[in-house]
Structure formats: structure tokens, C-alpha cells
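# A structural walkthrough
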Amino acid sequence: FKRYFGADPVVSVIQKSDMPTGDAYKIRASGSTLTISAAYFTGIRYAFSTLRQLAEANNETEILVYYRIPETEIEDAPAMSFRGLHLCWFPETETIQIEQYLRWAAYYKFNYVIIEFWGTFPFISHPVLSWQEYKASPKDIRRLVDIGKELGITLVPQLNIFGHASGSRGGSGKHTILDLHPEYQPLFEPDGWVWCLSNPATRKVISDIVLETLEAFDNPPYYHIGADEAWGAAECSSCRHSDYEALVLDHLNFFHKLLAEK
């Protein structure tokens, strides 16, 4: 309350039998008394966000002295259990930008933030999959995961396990791996944009990096596998002459099982 409003109220806590359930909350502002009802701390957090959004600065002085909260009664609950944002961590993205987005997301009651790395995750298992000069640091990622927990937000990693395999932009012709390490061409379809699903080494590499990112994000309950923008799929000789539908389904099911076990 002091951080949001610059004031230290007198606080009394009362246990009531008609508390809201789950993440729901109630607000009653009347006279000089403000009452917040919630079953869990998450509800209290959401109530304070609502109050801060309703608050108006006093208009009687040159310099801010206090805020006004209108007399009101509110009963609110999330309409969806998963309320998420999807952020891309580009080579030009600064860590402070991700933190800023996290704090905005928490303020507006989101509870999940997906972070998609564009060749910027600091892989230990396969360092060639990162832009060396632009990758995030493990310390920064750990700090952001902890900030998310403090704000009530679960961070979810994304790595693309099918299309968008370049780890960077398609339009600019940048490829995180092949621009600097063309010896890894067998892992991709001829144009480099899609992982080669007929190469057994592909699954091993993707398994390593998926599990590495999952651990770095403290094993969240979700993982975003991408699998979009699969332009150029089934173009190499092996994939082209395979039962490609079965190959894709087996690929997706393998990673579903791998992640479900975690």
C-alpha cells in the first residue's frame, strides 16, 4: 500500500466465512474505510492493482500529497485461468525491457508470460545455437524467473521444435547457427528454416535444449514448442520420401511425452 499510494494505513485483519473463492476478490471503499476480501494472497494482489487503476491524484496542491479512491463496491474474479502474454527476446532486446513487460503484465493481472528466444538463450549443451554477442545471461534469466514469482507470474520458455528453426528472422536471411556454423546443415531442411525430422541427431539436439530451458525456468507447468511457420518442410531427400505425416506426429508426440514426464 505504501508503494502504490505513499501512505501507511491502519490495518486490521478479520477472518470471515463468506470469503471469495480462488483468485476472486471483493473491494468496499466507504468513508475512510477500505475493506478487501480474498481467500488467497493472489486475490489481495489483484485488488490492489484494481485500486491503483481507480486511484486519482489529489487536485488541490501543486505537488502530489495523496490519492483519492472513489467510494465503490467491486466483486471481481478472473474469467480465464490462463492469462498470458507472449514476448520475443530478440538480439536487440535488453533485459530491462523484459522486466518492464513483466511488471506491466502483473499490473493488469496476467499470470503467465511466454518468452520466445530468437537465438538469444545461453545454451550450455549446444552453444552454437546462440548468437554469442547477443545472448542473455543465465543470471538475468534466473532473476526474471524470480521476479515473475514475486509478481505472481509464471514464466514459460519457448523454443521452436519444428518450423522457425533458424532461431532468428526469416526475412533478413539471418540464421543463428548456419551463418557461422554451416557444418550443421544436416540438422535442417535445405533452406535452413525447418528442422530435419528424419535425422535422428535432430531429436537429440532439440531434446537437450528443451530440457535445458525448462530447467532454467525452474520447471514451469507449461512449455511452448512453437511448431509454427514450417515453410520448406519435407524438402530434403529423406523427409520427401518418408511418410511425413507420421514423422511429424511422432516428433510432436515424442516431445509431449518428454515434457509430460518432467
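All figures in this text were calculated on a predicted structure; none of them were measured in a lab.

Right, let's talk about the pairing of strand 6 (residues 84-89) for a bit. In this sheet, strand 7 (residues 112-117) lies alongside strand 6 in parallel orientation, the contact comprising six bridges. Bridge assignment links glycine 84 to a residue of strand 7, and that residue is tyrosine 112. For the segment spanning strand 6, helix 3 (residues 95-107) and strand 7, crossover handedness is right-handed.

Turning next to the sheet that holds strand 5 (residues 72-76). If you walk across this open sheet you meet the three strands as 2-1-5, and the pairing is antiparallel. Looking at which strands have only one partner, the edges of the open sheet turn out to be strand 2 (33-38) and strand 5. Strand-to-strand, the axes of this sheet are offset by a mean angle of 5°, without reference to chain direction. Relative to strand 2, strand 1 (residues 25-30) is paired through six bridges, and the arrangement is antiparallel. Within the sheet, the bridge partner assigned to isoleucine 27 lies in strand 2 and is isoleucine 36.

One pass over the structure, following the stated rule, counts 13 aromatic pairs. For the pair phenylalanine 117 and phenylalanine 217, a centre-to-centre distance of 6.0 Å together with 85° between the ring planes defines the contact as edge-to-face. One end of the pair, phenylalanine 117, is in strand 7; the other, phenylalanine 217, is in the loop between helix 5 (200-216) and helix 6 (237-240), and 100 residues separate them in sequence. Judged by its relative accessible area of 3%, phenylalanine 217 is buried. Cluster of aromatic residues (ring-pair linked, three or more members): Trp89, Phe117, Phe121, Phe123 and Phe217. When the ring centre of phenylalanine 90 is taken as origin, the NZ or CZ atom of arginine 169, which lies over that ring, is 4.4 Å away.

In this section: empty space enclosed by the protein. Taken as a whole and judged by the stated rule, the model has one cavity of 30 Å³ or more. Considering only enclosed or pocket space, the largest cavity measures out at about 170 Å³ in volume. Around the largest cavity, the lining is made up of 17 residues, and of these Phe117, Leu159, Ala165, Gly167 and Trp195 lie nearest the centre.

Bringing the nonpolar core into the picture now. Core analysis: the biggest nonpolar cluster contains 48 residues, and Leu102, Ile115, Phe117, Leu155 and Phe217 have the highest contact counts within it. Looking at this core, the elements that each hand over two or more residues are strand 6, helix 3, strand 7, helix 4 (138-151), helix 5 and helix 7 (244-260). The contact partners of phenylalanine 217, leaving out residues within four places of it in the chain, are Ile115, Phe117, Phe121, Ile141, Val145, Leu155, Val156 and Pro157.

Conventions we followed
- Chains are numbered independently. Their residues run from 1 in the order of the written sequence.
- Per-residue local features are limited, in this predicted model, to residues with pLDDT of at least 70; the limit for side-chain atom pairs, both in listing and counting, is 80 or more; totals at the level of whole chains, interfaces and linings are taken over all residues.
- Where side-chain values are given, they derive from all heavy atoms of the structure, hydrogens and water being excluded.
- Between any two strands, at least two bridges found by DSSP are needed for them to pair.
- Helix and strand assignments follow DSSP, with helices taken as H or I runs no shorter than four residues and strands as E runs no shorter than two, numbered in order from the N terminus.
- Look down the strands so they point away from you; if going from the first strand over the helix to the second traces a clockwise path, that crossover is right-handed.
- Fitted lines through C-alpha atoms give the axes, limited to the stretch in contact for helices. The angle between two N-to-C directions lies from 0 to 180 degrees.
- Here a Phe, Tyr or Trp ring, Trp counted by its six-membered ring, pairs with any other such ring whose centre lies within 6.5 Å, and the pair is stacked when the planes are under 30 degrees apart, edge-to-face when over 60, and tilted otherwise.
- Exposure categories follow from relative accessible area, calculated using a 1.4 Å probe and restricted to protein chains: below 20% of the type maximum is buried, above 50% is exposed, and the middle band is partly exposed.
- Remark: a charge is flagged as sitting over a ring if the NZ atom of Lys or the CZ atom of Arg is within 6 Å of the ring centre and within 35 degrees of the ring normal.
- Note on definitions: the grid is 1 Å and covers protein atoms alone; a cavity is a set of points where a 1.4 Å probe fits but cannot get out; a pocket is an open set with protein on both sides within 12 Å along at least five of seven lines; lining residues have an atom within 4 Å of a point.
- Grid points are joined across faces, edges and corners, and a volume is the space filled by probe spheres set on the points.
- Side-chain atoms within 4.5 Å link the members of a nonpolar core, which is a set of buried Ala, Val, Leu, Ile, Met, Phe, Trp, Tyr and Cys residues.
- Contacts between residues were defined by any pair of non-hydrogen atoms, one from each residue, lying within 4.5 Å.

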